[in-house]
Structure formats: structure tokens, C-alpha cells
Amino acid sequence: MRTFNNIKTFASSVNENRRFLFEVVGVSQQESNTLDYPIRKSGSVFIAVPYARMNQEMNRINRLGGKIINITPIDGLTPVQSPSQGSSTTTETQPMTQSEPKAKKEVKVPVNIYRPKNPYVGKCLENYELVAEGGSGTVRHLTFDLSAGDLHYLEGQSIGIIPPGEDDNGKPHKLRLYSIASTRHGDNRDDKTVSLCVRQLEYQNDEGETVYGVCSSYLCNLEVGADVAITGPVGKEMLLPDDEDATIIMLATGTGIAPFRAFLWRMFKERELNPDYQFKGLAWLIFGIPYTQNILYKDDLEKMAADYSENFRLTYAISREQQTADGGKMYVQSRVSEYADELFELIQKPNTHVYMCGLKGMEPPISETFTAEAEKRGMNWDDLRKQMKKEERWHVEVY
């Protein structure tokens, strides 16, 4: 351990240049304090910690009754300037010297370029089945031409589809929103298409009659060359961060894979198209489906997992074929419980983002799992989740 201007730093021989400055308040004076940096009951204590020791240091601070109110990346090769030791208020601290980060082109989030009263009318370029023979239901991959307009979007956004015709009250059908399954460059890689992943809705009503979803049936049966009315894009909840070193945890059921297909294609399949975004972090997809035949985009996912094994981890939860340790069906929430300790450790890192997309039934048990993991560490999950939400690291889109 080194000392720079009364701020303690922990040296790391593995990754010296990745460190973070913890600003801590409320650490109590206790005989159990084995840390050898100064402790104060009021004001801020500043600790420079290497990336590899962040979780350990968070746990020690928590045991001492402290609260981390700010974590700031610092240049591990240069000392940091000491705050005034007599101050009892939070002090903003900056490194004495810090190299300029690589400038990135700022991308504005497009919203509502086309509205319901004046939608963009494109053409269907392709419409093919994603569920293999023997699977459950039907899921189609559709691609629409955007070359005649100005509709553009980012990964994680949605577009609206207005089905033709009228409802039972004689009014035009309302639009339905669908998560975009392609990157901003589109499946043709020319910035002129957008793709969706659509499951045909089918259910039994109270009279026992089979009812088909209006818009999903329209899309699943749409012929190549047919016109389609599109609105949007909309949404800022599910956007992919620009951080190339981030940890991206993706929890998906069924067609909830759509935004994550866009993420993964951007990370691994379109690297040459994105010189300002070369993903070097960890992407972990936990994907829930009923049968192996229902694994959407299976070949592409498994090829990426093989080609980028250090950066992409793929975990299936196949409910009708796999079982939990106690003999239950294997759902996404079951996998989260299985890997709870590892996932929770990742969640505590300041550059980890968690995304959840699909059936809302997975959210409560996942919350229960993280609540239990937090309690093991003397933490409160609701507080941590709210903090992640505030930091735009907790993203949920369920239905």
C-alpha cells in the first residue's frame, strides 16, 4: 500500500493503471478498524483502490458503518491531490494530472421522427421463421426498408407498427411497439433497414375461443414487398452504454432477445463499422426459452460465444428440457439464483449494467435473489437498485 498526500492507495501489480477514488462518509471509530488510513466520524475519507480490490474494499467500508457517496475513475500512474484535512464537508477531488480521454463522437438519441398521424411507409424486405421444427409457437424475423425516409435509431430503442384496418368500434387500429432487433446499421449494414423479432400472439378467451393478436398476426403474415406503416423510434430506457469496458448482463425471455441481438451484433459482428466502439468488456446473456428449437438466432449466438469466449458468455434456461437442482423447471430467474453470488459481485462494480427484457414474471424472483445476496453482505438491495437506476445502470422492459 502507498500513501499519496494522506490519501491511501492500494498498489496492484496486475492492473496498476485502473483505479478508482472512493469518497466515504460516516465511517465510525471502532477497535475493529484494521484499515491504516485515517478515519473520521464526519466529513469525507478518500481512498484510491485498484479495480481488482473494489468489491473487497466496499465490503470492509460497509462493515465499518461507512457509506460510499462517490466513485471516480483516476489515473493509477499519477498521485491524486489531497482534500483539505480540516474540512467536514464533501470535497470534490481531481487527479493532479490526467491524460485526455479519447474524444468520441456524441450521438443524439433520435425520438419520434415519425408520428402516428404521419408514419413512415416502408416495404417488407424479408420475413422468415425463427423457431425450428418441433418448437413452440411461431416467431418471425422481419426487415423493413428505410431508404425513402429519415428514420434512424439506436440499439435498445423501439418502433411502432400501425396495423391496417379498424377495431371493433370502427376506429383505426392503434400502433403497437416492438423492440428493434438490429443495430443502427441495419441487417444490410447500409443504415437503410430496421428489423424486428415478432411472436404471433395466440391465447384462449373466457369462452374457450382461440384469439390471435391483431398486430402480431399482421406482421407474421406480411408478404415481402408489402407496405408497412412505422412510427418512432422511441425509448431511452434500454440504450447500450458507450463504455467499451463495461460489463453488460442481459436477462431475456423469448422475443425479449430483440434488443440484445442488437447489442451483441454491435459488440461482435460489426466491429469494422464502429471504429469508435470496440467492445472489450464482458457481455453475459441468460436466455430463457421453452425448448431448444425456440432458441432464437441460435447459430449466431453460439458462434459469437465461441469466437469471443473471453468477452461473451451465453447461458440458456430451457424450461421444458432443463431442471433446477431441486427438480423444478429451469427459468431465467433459476439461472440468476444459480449464479447469484457471481452476478451480485459483478453488479457492485461501477461500470456494470443490468438489462431485463421479456416476461414480467421473472422480475420478482430475481429481486428476491438479489435481496438475499445483499443481506449476506450487510447491504440493502432496494437501495442498491435505486442507486443503479439513478446511475442509469439498471434497465428493465418487461410485459
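Rules used in this analysis
Residues numbered from 1 in each chain as written. Predicted model: local features only at pLDDT ≥ 70, side-chain atom pairs only at ≥ 80, totals over all residues. Heavy atoms only, no water. Helix = DSSP H or I, 4+ residues; strand = E, 2+ residues; numbered from the N terminus. Expected span 1.5 Å × (residues − 1). Buried < 20%, exposed > 50% of the residue type's maximum accessible area, 1.4 Å probe, protein only. Phe/Tyr/Trp six-rings, centres within 6.5 Å; stacked < 30°, edge-to-face > 60°. Lys NZ or Arg CZ within 6 Å of the ring centre and 35° of its normal. Pairing = 2+ DSSP bridges. Contact = heavy atoms within 4.5 Å. Axes fitted to C-alpha atoms, helices over the stretch in contact; angles between N-to-C directions. 1 Å grid on protein atoms, 1.4 Å probe; cavity = no way out; pocket = protein on both sides within 12 Å on 5 of 7 lines; lining within 4 Å. Points joined across faces, edges and corners; volume = space filled by probe spheres on them. Nonpolar A, V, L, I, M, F, W, Y, C, P; charged D, E, K, R; others polar. Core = buried A, V, L, I, M, F, W, Y, C linked by side-chain atoms within 4.5 Å. Parallel < 35°, antiparallel > 145°, perpendicular 65-115°, else oblique. Left-handed = near helix turned anticlockwise from the far one by under 90°. Arc of directions from axis to C-beta. pLDDT = per-residue confidence, 0-100.

A. Main features of helix α3 (residues 258–269). Over its twelve residues, α3 extends 15 Å from the first C-alpha to the last, a length consistent with the 16 Å expected when each residue adds 1.5 Å. Burial analysis of α3 places eleven of its twelve residues in the buried class, the great majority of the element. Turning to α3, its buried residues are Ala258, Pro259, Phe260, Arg261, Ala262, Phe263, Leu264, Trp265, Arg266, Met267 and Phe268.

B. Inspection of the packing of aromatic side chains at higher detail. Scanning the entire structure with this criterion turns up 14 aromatic pairs. Between the aromatic rings of phenylalanine 260 and tyrosine 355, the centroid separation amounts to 6.3 Å while the plane-to-plane angle is 75°, which identifies the pairing as edge-to-face. With a gap of 95 residues between them, phenylalanine 260 in helix α3 and tyrosine 355 in strand β17 (residues 352–358) connect regions that are remote in the sequence. On the numbers, 5.8 Å between centres and 85° between planes, the contact of phenylalanine 268 with phenylalanine 279 is edge-to-face. Of the two residues, phenylalanine 268 sits in helix α3 while phenylalanine 279 sits in the loop between α3 and β15 (282–289), which places them eleven residues apart along the sequence. Among the aromatic residues, those joined into a cluster by ring pairs are Phe268, Tyr277, Phe279, Tyr308 and Phe312. Above the plane of the ring of tryptophan 265 lies arginine 261, whose end atom (NZ or CZ) is 4.4 Å from the centre. If you follow arginine 313 out to its NZ or CZ, it ends over the ring of tyrosine 339, 5.2 Å from the centre.

C. Structural context of the pairing of strand β8 (residues 158–162). The element β8 is extensively covered by neighbouring structure, given that five of its five residues are classed as buried. Burial of the side chains of β8 extends over both faces: Ser158, Gly160 and Ile162 are buried on one face and Ile159 and Ile161 on the other. Judged from the four bridges that link them, β8 and strand β9 (residues 176–179) form a sheet pairing that is antiparallel. Residue isoleucine 159 lies in a different strand from β9, and its bridge partner there is tyrosine 178. When β8 meets strand β13 (residues 227–234), the two strands line up antiparallel, connected through four bridges. Paired with isoleucine 161 across the two strands is isoleucine 230, which belongs to β13.

D. Summary view of the environment of valine 111. Along the chain, the position of valine 111 falls in the loop between β5 (67–75) and β6 (120–129). Apart from residues lying up to four places away in sequence, valine 111 is in contact with Gln157, Pro233 and Lys236.

E. Molecular detail of the sheet that holds strand β7 (residues 139–145). Strand order in the open sheet formed by six strands is β9-β8-β13-β6-β7-β10, with antiparallel pairing between adjacent strands. Every other strand in the sheet has two partners, leaving β9 and β10 (193–199) as the edge strands with one partner each. Averaged over all neighbouring strand pairs, the angle between strand axes comes to 40°, with direction disregarded. In this sheet, β10 lies alongside β7 in antiparallel orientation, the contact comprising seven bridges.

F. Seen up close, the layout of surface pockets. When its volume is computed, the second largest pocket comes out at roughly 1,200 Å³. Along the wall of the second largest pocket there are 39 residues; nearest its centre are Arg199, Thr253, Thr255, Leu359 and Tyr399. For the lining of the second largest pocket, the secondary-structure elements that each account for two or more residues are β9, β10, α2 (214–220), β15 and α5 (332–338). Looking at the lining of the second largest pocket, the element that brings in the most residues is β9, giving four residues. The class makeup of the residues in the lining of the second largest pocket is 20 nonpolar, 15 polar and four charged.

G. Molecular detail of the environment of asparagine 380. If you trace the backbone, asparagine 380 turns up in the loop between α7 (363–376) and α8 (381–390). Here asparagine 380 falls in the partly exposed class, since its relative accessible area comes to 41%. Taking the C-alpha atoms as reference, asparagine 380 lies 9.3 Å from phenylalanine 370; in sequence the two are ten residues apart.

H. The arrangement of the nonpolar core in detail. Formed by 36 residues in total, the largest nonpolar core has its most connected members in Phe260, Leu264, Met267, Leu285 and Phe287. When residues of this core are traced back to their parent elements, those giving at least two are β14 (247–253), α3, β15, α4 (298–307), β16 (312–318) and β17. In terms of residue count, the dominant contributor to this core is α3 (seven residues).

I. Inspection of the packing of α3 against α4 at higher detail. The geometry of α3 relative to α4 is characterised by a closest axis approach of 11 Å and an angle of 40° between their N-to-C directions. With respect to α4, the element α3 is oriented oblique. Here α3 and α4 pass one another in a crossing that is left-handed. Between α3 and α4, the contacting residues are Leu264, Trp265, Phe268 and Lys269 on the first element and Asp300, Leu301 and Met304 on the second. Tallied by class, residues from the contact of α3 with α4 come to five nonpolar, no polar and two charged.

J. How the structure looks around α4. The set of residues buried in α4 consists of Leu301, Met304 and Ala305. Considered in projection along α4, the buried side chains sweep an arc of 100° and stay on one side of the axis. Away from the buried face of α4 by more than 90 degrees, exposed residues Asp299, Lys303 and Ala306 are located. Elements in contact with the buried residues of α4: α3, β15 and β16.

K. Highlighting the confidence of the model for the chain. Averaged over every residue, the pLDDT of the chain is 84; residues scoring 70 or more account for 82%. A low-confidence stretch, residues 1–16 stays under pLDDT 50, and its non-local contacts, those more than four residues away or across chains, total 47 contacts. Predicted confidence is poor over residues 76–101, with pLDDT under 50, and the contacts of this stretch with residues over four places away or in other chains come to 49 contacts.

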